[in-house]
Amino acid sequence: MKIGIYYASKTGTTRRCAMELQRLLQDRHEVTLVELGRETADVRTFDLAVIGSNVRIGHIAKPARAFLKAQEAALLERKTAFFLCMGAPEQAEQTFALDFPEALLKHALCRDCFGGEMEVAAQKGFFDRLIIKSIVQKPGFQPPRILDDRIRAFAERLGTGTK
């Protein structure tokens, strides 16, 4: 099966998760990574399109939103799956409902949240670094982490190609 993993990543967390997903699938499938906003690849060339995005302030990245809107019809013609990278996995379903077209969510083989990271050095802007620094310095703060078990389970579901 030909799989395209399309992703949007601000600090590199979603990229790392997409690469891990690729690693888990590439023994049995032909897998291509496509960074949204920087690269293009026609979804019609893949049997399965996986779309992943970072989440900031409850919303997926603009390149991911634009891709879903522009490619909705083509995505509905093939197998799809979605993943999010965010520090609050318990809010993932709310983000899916807000930012993904309902038809795509109903059509998808699966969707999940792979967790997230909160590293000051990875933040791109001054204000982002300032905000993250103030959060991580709070007493008792438990930093979010990547949920490797969810990535493995997601890969297993994709490998079988069934819901």
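Before reading on, note that the structure itself is shown above.
Model, not experiment: these values are computed from the prediction.

Cut-offs and rules
- Residues numbered from 1 in each chain as written.
- Predicted model: local features only at pLDDT ≥ 70, side-chain atom pairs only at ≥ 80, totals over all residues.
- Heavy atoms only, no water.
- Helix = DSSP H or I, 4+ residues; strand = E, 2+ residues; numbered from the N terminus.
- Buried < 20%, exposed > 50% of the residue type's maximum accessible area, 1.4 Å probe, protein only.
- Contact = heavy atoms within 4.5 Å.
- Core = buried A, V, L, I, M, F, W, Y, C linked by side-chain atoms within 4.5 Å.
- Phe/Tyr/Trp six-rings, centres within 6.5 Å; stacked < 30°, edge-to-face > 60°.
- Lys NZ or Arg CZ within 6 Å of the ring centre and 35° of its normal.

**Student:** So what about the environment of Leu105? Which residues, and what values?
**Tutor:** Residue placement: Leu105 occurs in helix H4 (residues 102-107). For Leu105, a relative accessible area of 13% puts it in the buried group. Sequence separation between Leu105 and Leu76 is 29 residues, and the spatial gap between their C-alpha atoms is 9.9 Å. Residue contacts for Leu105: discarding those within four places in its chain leaves Phe82, Phe96, Ala97, Phe100 and Arg111.

**Student:** Any chance you could break down the nonpolar core for me, citing the residues and the numbers?
**Tutor:** Core analysis: the largest hydrophobic core is formed by 26 residues, its most contacted members being Tyr6, Ile51, Leu68, Leu75, Phe82, Leu84 and Phe100. Elements that contribute at least two residues to this core include exactly strand S1 (2-8), strand S3 (48-56), helix H2 (62-75), strand S5 (79-85), helix H3 (92-99) and H4. If you tally residues by element for this core, the top one is H2, at five residues. Beyond its immediate stretch of four places on either side in the chain, Tyr6 contacts Val34, Leu36, Ala41, Asp42, Val43, Phe46, Ala49, Val50, Ile51, Gly52 and Phe67.

**Student:** I'd love a proper account of unusual backbone geometry, names of residues and values included.
**Tutor:** One non-glycine residue, Ile57, lies in positive phi territory at about 50 degrees. For Ile57, a relative accessible area of 84% corresponds to the exposed category.

**Student:** A description of the environment of Ala18 should follow, citing residues and the corresponding values.
**Tutor:** Looking at the element boundaries, Ala18 is found in helix H1 (residues 13-25). For Ala18, a relative accessible area of 0% corresponds to the buried category. Contact partners of Ala18, with chain neighbours within four places excluded, come to Ile5, Tyr7, Leu33 and Phe83.

**Student:** Account for the packing of aromatic side chains, naming residues and giving values.
**Tutor:** Counted under the stated rule, the structure contains seven aromatic pairs. Relative to Phe154, the ring of Phe114 has its centre 5.2 Å away and its plane inclined at 85 degrees; by these criteria the two rings are edge-to-face. Here Phe154 lies in helix H6 (residues 148-160) and Phe114 lies in the loop between strand S6 (110-113) and helix H5 (126-136), a separation of 40 residues in the sequence. Of the aromatic side chains, those joined through ring pairs into one cluster are Tyr6, Phe46 and Phe67. When the ring centre of Phe96 is taken as reference, the NZ or CZ atom of Arg111 above it lies at 5.5 Å.

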